Amino acid sequence: MSKGGLRRLDWVRSILNRLYNSALEERKKAWESKQLGVTLYDQIKGLTAQRKDDPEGLGSLAVRAERGMLTRLERAFKAYFRRHQAGEKPGYPRFRPIARMETIDIVDPKTTMVKKRARGYAIRPKGFPTIRLFPSRPLPTECSLKALRIVRKPNRVYVDLTYEVEKEPLPKCDSAVGIDLGVRKRAMLSTGERVERNSRDWPEIRRQQRAISRCKKGSGTRRKRVGRLVAMRHREGVRNRNACHRVTTEIVRNHGLIAVEELDVKGMTTKWLTKKSLNREILSQTWGLLRIQLRYKAEWAGRELVDVDPKYTSQDCHRCGARNKPGRSETYRCAACDLRMDRDHNAALNILRAGAVALGSVTWVNGPYVLPEQ
Ligand SMILES: [Zn+2]
């Protein structure tokens, strides 16, 4: 987006920010002076007069963006009262500085707001600068647009679009797959396929971080270098997400039953964060993303997705069921039946079996799907 466009967007943000804060003040005053509750409905009604009084500011902007601001305030109050009633001690909703007002939600967006261009798409709510989009896949513009969110980050603008897509069940499929996510670098499918995770370019990131720390605070060079690092991490994020999409689409297309281990991503992340292990935190985010995508894609396609308790999946032998001591080696060895195979592959096969059992459908185990012999 051009510099002029960003300036325009920041102006829009300042107007919306003022609206948020004044609406908050209105609620606060009404309560303090007359013990009156102000509702979202009241405030939306009041918006009409405010727009008339301020044709250059509020009146010149898309009313849906303004309603979005008031709705956000309403949510803040609802959360406050809910926690209050639950006996907690929540903080009263606060006035926000413009720097923290990154997100603009457009409520009930019209599908026609997203316009197709010769290259990419463009959106331009009333009073906003034109925002051009170049998504990696074509947008389902024939579907109805459910949510539109514009996020202003220091050096770029993001747009989140949510479309309501009709479910498209895929033809029935008897194949089943188990997926071992593990905490190591890759995921493993029970078919023996590996899913490699993009590794981050840590030396480069560290080099850039060191260069930033050498700069004087507030200097132009520092700002430029921070911008470069942010842009690089953004590109990595996009690449990672696209890689996840390719993998999950493939899995859902090829298998009728998908068994995944339950991962306590949240618990894992906090534990790891205390260890300051950013790499692992990102890894768990990737696995979280993989699961989220699998879940909704499986639902659209009419596939079964089963969560499996990951306990012992890496210790049990998938062939004879004996429980072996966990080893450090990449190769799994069974003391009872002398099985030798890749550790993650064995785990993926256990996850598949547990998923089939959990579904209560023995046919998955004994019928169309046969566990491959080693
Ligand atoms: Zn065995």
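Residues numbered from 1 in each chain as written. Predicted model: local features only at pLDDT ≥ 70, side-chain atom pairs only at ≥ 80, totals over all residues. Heavy atoms only, no water.

Novice: What's the story with unusual backbone geometry in this structure? I'm lost.
Specialist: With the exception of glycine, the majority of residues adopt a negative phi angle, and the majority of peptide bonds are in the trans configuration. Even without glycine at this site, Y312 takes up a positive phi of about 65 degrees. Looking at the element boundaries, Y312 is found in the loop between β11 (304-308) and β12 (331-333). By relative accessible area, Y312 is classed as partly exposed at 34%. A positive phi angle, near 65 degrees, is found at D338, a position not held by glycine. D338 sits in the exposed class, given a relative accessible area of 53%. (Helix = DSSP H or I, 4+ residues; strand = E, 2+ residues; numbered from the N terminus. Buried < 20%, exposed > 50% of the residue type's maximum accessible area, 1.4 Å probe, protein only.)

Novice: What exactly am I supposed to notice about the coordination of the zinc ion here?
Specialist: Angles between donor atoms at a metal ideally measure 109.5 degrees for a four-coordinate tetrahedral arrangement and either 90 or 180 degrees for a six-coordinate octahedral one. With distances of 2.3 Å, the protein atoms coordinating the zinc ion are C317 (SG), C320 (SG), C334 (SG) and C337 (SG). Relative to the metal, the four donor atoms surrounding the zinc ion lie at angles of 107 to 112 degrees, and the coordination shape comes out tetrahedral. For the zinc ion, the donor residues sit on a single chain with the sequence spacing C-x2-C-x13-C-x2-C. Highlighted residues: C317 in the loop between β11 and β12 and C337 in the loop between β12 and β13 (340-342), separated in sequence by 20 residues. With a relative accessible area of 23%, C337 lands in the partly exposed category. (Donors = N, O, S within 2.8 Å, 3.2 Å for Na, K, Ca; no water. Tetrahedral: all angles 85-135°; square planar, octahedral: opposite > 155°, others 65-115°.)

Novice: When you look at the pattern of salt bridges in this model, what are you seeing that I'm missing?
Specialist: Pairs can form between side chains of opposite charge once their charged atoms are near each other. Throughout the structure, instances matching the rule amount to 17 salt bridges. Of the charged contacts, one joins R194 and D342 as a salt bridge, the two residues approaching to 3.4 Å between their closest N and O atoms. With R194 in strand β9 (residues 194-195) and D342 in strand β13, this pair connects stretches of sequence that are 148 residues apart. A relative accessible area of 44% means that R194 is categorised as partly exposed. With a closest N to O distance of 3.4 Å, D307 and R291 form a salt bridge. One end of the pair, D307, is in strand β11; the other, R291, is in helix α7 (residues 278-301), with 16 residues separating them in the sequence. Taking the relative accessible area as the measure of exposure, R291 reaches 16% and is therefore buried. (Salt bridge = Lys/Arg side-chain N within 4 Å of Asp/Glu carboxyl O.)

Keep in mind these values describe shape, not function.
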